[in-house]
Protein chains: 2
Amino acid sequence: MAERDRRHFLKTVGGVTLGMTAVSGLVGLNGFSQTKAESVAFPWPYKKVDPIAAAERAYQAYYQGGCMYGAFEGIVGELREAVGAPYSSFPTAMMKYGAAGVSGWGTLCGALNGAAAAIFLVHEGKTGNPIINELYAWHGAEALPNYKPRTPKFDKIVASVADSQLCHISVTRWCEKSGFKSGSKERAERCAWVTASVVKYTAELLNNQAAGRFTVAHPVPVAVKECLSCHGKDGSVANVHAAAHSSCTNCHTDVLKNHPVPLKK
Amino acid sequence: MAERDRRHFLKTVGGVTLGMTAVSGLVGLNGFSQTKAESVAFPWPYKKVDPIAAAERAYQAYYQGGCMYGAFEGIVGELREAVGAPYSSFPTAMMKYGAAGVSGWGTLCGALNGAAAAIFLVHEGKTGNPIINELYAWHGAEALPNYKPRTPKFDKIVASVADSQLCHISVTRWCEKSGFKSGSKERAERCAWVTASVVKYTAELLNNQAAGRFTVAHPVPVAVKECLSCHGKDGSVANVHAAAHSSCTNCHTDVLKNHPVPLKK
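Residues numbered from 1 in each chain as written. Chains lettered and ligands numbered in written order. Predicted model: local features only at pLDDT ≥ 70, side-chain atom pairs only at ≥ 80, totals over all residues. Heavy atoms only, no water.

Residues and elements named next belong to chain A. Tracing the sequence through the fold places A203 in helix α6 (residues 185-210). Residue classification places A203 among the buried residues on the basis of a relative accessible area of 0%. Through-space distance from the C-alpha of A203 to that of A53 is 9.7 Å; in sequence the pair is 150 residues apart. The contact partners of A203, leaving out residues within four places of it in the chain, are Y46, V49, P51 and I75. (Helix = DSSP H or I, 4+ residues; strand = E, 2+ residues; numbered from the N terminus. Buried < 20%, exposed > 50% of the residue type's maximum accessible area, 1.4 Å probe, protein only. Contact = heavy atoms within 4.5 Å.)

Here the focus is the environment of A159(B). Residues and elements named next belong to chain B. Examined against the element boundaries, A159 turns out to sit in the loop between β1 (143-144) and β2 (160-161). Note on A159: relative accessible area 23%, which makes it partly exposed. Residues A159 and L144 lie 15 residues apart in sequence; the distance between their C-alpha atoms is 4.8 Å. Ignoring any residue separated from it by four or fewer positions in sequence, one finds A159 in contact with A143, L144, P145 and K177.

We now examine the side chain of N239(B). In this structure, N239(B) sits in the segment after α7 (222-231). A polar side-chain atom of N239(B) sits 2.9 Å from a polar atom in the side chain of H231(B). Apart from residues lying up to four places away in sequence, N239(B) is in contact with T172(A), C175(A), E176(A), S182(A) and H231(B). (Polar contact = N/O pair within 3.5 Å; in protein donor to acceptor, adjacent residues only side chain to side chain.)

Residue and element names in this part refer to chain A. The N-to-C vectors of helix α5 (residues 167-178) and α6 enclose an angle of 125°; their axes lie 11 Å apart at closest approach. On the basis of their axis angle, the class for α5 and α6 is oblique. α6 is crossed by α5, and the crossing has right-handed handedness. Contacts between α5 and α6 involve S170, V171, W174 and C175 from the first element and E186, R187, R190 and C191 from the second. Considered class by class, the residues forming the contact of α5 with α6 number four nonpolar, one polar and three charged. (Axes fitted to C-alpha atoms, helices over the stretch in contact; angles between N-to-C directions. Parallel < 35°, antiparallel > 145°, perpendicular 65-115°, else oblique. Left-handed = near helix turned anticlockwise from the far one by under 90°. Nonpolar A, V, L, I, M, F, W, Y, C, P; charged D, E, K, R; others polar.)

M95(A), Y97(A), M95(B) and Y97(B) are the most contacted members of the largest nonpolar core, which totals 100 residues. Of all the elements in the fold, those that place two or more residues in this core are α2 (51-83), α3 (110-122), α4 (125-141) and α6 of chain A together with α2 (51-83), α3 (110-122), α4 (125-141) and α6 (185-210) of chain B. In this structure, Y97(A) is in contact with M68(A), V102(A), S103(A), N113(A), M68(B), Y97(B), N113(B), A116(B), A117(B), F120(B) and I132(B), ignoring residues within four places of it in sequence. (Core = buried A, V, L, I, M, F, W, Y, C linked by side-chain atoms within 4.5 Å.)

All right, on to the pattern of salt bridges then. Residues and elements named next belong to chain B. The full count for this structure, using the stated rule, is twelve salt bridges over all chains. Among the ionic pairs, E73 bridges to R57, the shortest N-O distance being 3.6 Å. This pair shows no difference in class: E73 is buried, exactly as R57 is. Where R80 meets E73, a salt bridge forms, and the shortest distance between an N and an O atom there is 2.7 Å. For the pair formed by R80 and E73, the shared burial category is buried. (Salt bridge = Lys/Arg side-chain N within 4 Å of Asp/Glu carboxyl O.)

Each aromatic ring pair is described using two quantities: the centre-to-centre distance and the angle formed by the ring planes. What the rule picks out here adds up to 19 aromatic pairs over all chains. Ring geometry for W44(A) against Y87(A): centres 5.2 Å apart, planes inclined by 90°, an arrangement best described as edge-to-face. Residue W44(A) is found in the loop between α1 (3-21) and α2, and its partner Y87(A) is found in the loop between α2 and α3; the two are separated by 43 residues along the sequence. Here W44(A) matches Y87(A) in class, with each residue buried. The structure contains a cluster of three or more aromatic residues connected by ring pairs, namely W44(A), F72(A), Y87(A), F90(A), W44(B), F72(B), Y87(B) and F90(B). (Phe/Tyr/Trp six-rings, centres within 6.5 Å; stacked < 30°, edge-to-face > 60°.)

No statement about biological role is implied by the geometric values presented.
Below, the structure is given as structure tokens:
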């Protein structure tokens, strides 16, 4: 090994060691770090992220690996540049699984899935769940996308209200409003802008939380609370395992006129 | 530093180096590894996982951090023990975000979210997406849970068919069949068994793929294919951004009798 390479190697070892000793507890018989989940230093250190830089990074990353990867990489890529280890060792490419509601299944919006994963990399439940709650309620209520990237593929993309956190519903609402098909390049661009929009708001929420000024701007809708007063956790018909939602009548389209027992009002 | 500690330290450095040099590309000015996402060695090496051991680990992990954490830790915990680095540096606790369809929002089943994340840690899309497709279709079609942990909290848990990949629908179907409330300890135990069941099947699929004998046992239902023939990507009314699903009429309960244009059959 040449002297320069050896120094490089040792610097790498030193750098990695600095990052890894914080998360390593035990050394196994094979000499590898046998860290148990419980001993990992968690959550990882947060440093204020520029919402615009994160949104632009998310937009670019969307076209490399889809919505979930785009959202996760938007936040974590900024932290990797600003903080280095341990972010530099995270295999962000794994987050490509969440594209189009996970491998095209149309379930959870991948931008929301990736943003929530990034939030829980720097927060435990006590502080992380309120951020996710605000982000998810905002996604259901706002006309999105509400962020236009600096070098877009299309100059104008119509905004629509999803009333949901699901990929299928969000995209269908947009297709109906815009007139574009779900397989169109315009729809892909729309989802890239939505990913950037979600990342911008996530960064703002994370920064606000770090600065001690996090607030809830999008509470659970009153209509949903009314449904959950019977169907939620402590209700008389507790058969819905959800503490929050944007809309129940999105799917239960006939529930108001065909409710099996009289509604409270 | 005592000689024994120093040897220990060097072994750790050596172990981590073996794992990290494969994923490190650049060394930043601060001496930390400034790996770019693109330069991370990905996917991570897979070693056959015992489906029963993974299921048991998932069951225990469910009660530590919920369904998504349980599923992810079930697979990745086994790989951490068998392989060591780079798994030993993964902050698995972040996966707690997916509990109850992400922070209680009832969207994507956390066990399915965690399993998909684990699958994409060891597979790229070309081989990973077919595994997710089979797992998700299986989850929608099978009566679950179908795995009983060795030391359960309850002796018997009723199985039910979710017909969906969503937490809310899956839990509601089970509440209606079992008669238990969504906030009950029996429901939590049911979800712990479902997490173990999902992990057992995921491990079997990963092992089959590694052995070159992966097969699709649960294709997209014919009824869903019929809906997507018009509403899917290349259809005349391409407004549904989903390539697969267990059921359209789960939510669209009135679509067959009130379809706006005559159905093909």
